[in-house]
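What follows is the residue order along each chain.
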Amino acid sequence: MNTPILTVSELDVSFTQYASGLRTRTLTGIAGLNIEVREGEILAVIGASGSGKTLLAQAILGILPRNADVTGEIRFRGERLTAARRRRTLGREISYIPQSVTNLDPLMPVGEQVRIGLDPKTAHQEQSRLFARYGLASEAARLYPFELSGGMLRRVLFATSVRDTVRLIIADEPTPGLHAEAVEEVLRHLRELAADGVAVLLITHDIVSAVSVAERVAVMNGGRLITVEPAAAFTGDGDGLGHPFARDLWRALPQNRFSIGGVEWH
Ligand SMILES: Nc1ncnc2c1ncn2[C@@H]1O[C@H](COP(=O)(O)OP(=O)(O)OP(=O)(O)O)[C@@H](O)[C@H]1O
Ligand code: NI
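The structure displayed is predicted, hence computed values, not measured ones. For every chain, the first residue of the written sequence is number 1, and numbering continues from 1 onward in sequence order. For this description, chains carry letters from A and ligands carry numbers from 1, given in the order in which they are written. Local features in a predicted model are, by the rule used here, given only for residues with pLDDT of at least 70; side-chain atom pairs are given and counted only at 80 or more, and totals for whole chains, interfaces and linings are based on all residues.

Engineer: Looking at this structure, how should I read the domain arrangement of the protein?
Structural biologist: A common way to express how large an interface is: the accessible area buried when the components associate. Annotation comment: domain bounds sourced from an automatic or database domain assignment. Structurally, the protein comprises domain 1 (4-93 + 165-252) and domain 2 (102-156). Here the C-alpha centre of domain 2 lies 27 Å away from the C-alpha centre of domain 1. Opposite the five residues of domain 1 that make contact, domain 2 presents four residues. All amino acids are sorted into three groups, where Ala, Val, Leu, Ile, Met, Phe, Trp, Tyr, Cys and Pro are nonpolar, Asp, Glu, Lys and Arg are charged, and the leftover types, Gly among them, are polar. A per-class count over the side of domain 1 that touches domain 2 returns three nonpolar, one polar and one charged. Contact definition: two residues whose C-beta atoms, as placed from backbone geometry, lie within 7 Å.

Here it is in structure tokens:
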């Protein structure tokens, strides 16, 4: 079995809200979550809106909202991910692919954005290599984000986020609003990175993509991890899925609906 890269143990995230006067109430964001991502593995995290997926990413990256209280333990390659260790690893060994291309600076040519954080001596060379890897023409380096298509911006986002030193990628909804071909391209890049040994935590609404690209699929609901299922079990009528919640989720997909309780849908 491959070495664990990321280990999250008993993670709790809660929010203190001030109600009227001095009264406060505590809202649960994540409760008692345990999860592991291994070298070369894509672990997908799926769950409805508000189930705690983004909070999980933010807790790992140390970018939780200010009013969040967090307990539990997060380890990266066996060592606790402290604030100091995050400073050393984020953007180098740990990459974050954000949900939105609006994370790119609209006023800076994309080539320059890819060179941020690279060794100035080799930055241009490295940027050319990253452009080639993600299928971007070298002339595109001088262009501003508004001059590129959505699919090209996605590739730039990969080039800005993913360095050669990367061991763990956290991708939060990396395919929203993309047409099928562009989704396939993003997933292919993630698969290639995993094949190079990178551990990938892929957060997504899209069960079909999750199942097509991941080895295991973690299902969250209401801040809790309900089950982790092998991706291969999401097939047919879902009989191979261990947890009823995962079966219901799978059977509720429009393309699977006609099998529910023998009722035919038209
Ligand atoms: N700063 C905050 N204060 C209070 N509650 C918050 C805060 N940030 C998030 N939450 C709550 O935590 C819960 C989980 O949010 P999270 O963003 O992780 O959901 P998600 O699974 O990523 O949803 P989506 O699929 O819509 O992105 C939600 O109920 C949300 O309202
Ligand atoms: Ni989210």
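Let us keep going from here.
Engineer: Just to check I follow, could you spell out the sheet that holds strand β9 (residues 216-221) for this structure?
Structural biologist: Backbone hydrogen bonds are what pair the strands of a sheet, in a parallel or an antiparallel way. When DSSP finds at least two bridges between two strands, those strands are taken to pair. Each helix is a run of H or I in the DSSP string that is no shorter than four residues. Each strand is a run of E no shorter than two, and both are numbered from the N terminus. The strand order across the open sheet built from six strands is β6-β7-β8-β3-β9-β10, with neighbouring strands paired in mixed fashion. The open sheet has two edge strands with one neighbour each: β6 (94-97) and β10 (224-230). Strand-to-strand twist in this sheet, taken as the mean axis angle between neighbours without regard to direction, amounts to 15°. Sheet analysis places strand β3 (residues 42-46) next to β9, joined by four bridges and oriented parallel. Counted as the bridge partner of Ala-44 is Val-217 from β9. Every axis in this analysis is a line fitted to C-alpha atoms, fitted for helices over the stretch in contact. Angles between the N-to-C directions lie between 0 and 180 degrees. Of the strands in this sheet, β3, β6, β7 (168-172), β8 (199-203) and β9 are in contact with helix α1 (residues 53-61), which crosses β7 at around 145°.

Engineer: Can you walk me through the UniProt feature "domain: ABC transporter" (unreviewed entry) in the protein in this structure?
Structural biologist: The UniProt record annotates "domain: ABC transporter" (unreviewed entry) at residues 8-247. Helix makes up 30% of residues 8-247 and strand makes up 29%, while its end C-alpha atoms are separated by 25 Å. UniProt positions are given in the numbering used here, feature names are shortened, and annotations may be inferred rather than shown by experiment.

Engineer: Before we go on, may I ask you to explain unusual backbone geometry in this structure?
Structural biologist: Keep in mind that most residues, glycine aside, have a negative phi and that most peptide bonds are trans. You will see that Glu-10, though not glycine, has its phi angle at about 45°, which is positive. Of note in the backbone geometry, Arg-77 takes a positive phi value of approximately 50° without being a glycine. Looking at Arg-77, the number of C-beta atoms within 10 Å reads 18, which means it is partly exposed. To sort residues by burial, count the other C-beta atoms lying within 10 Å of each one's C-beta; a count of 20 or more means buried, 12 or fewer means exposed, and anything in between means partly exposed. C-beta atoms are built from the backbone.

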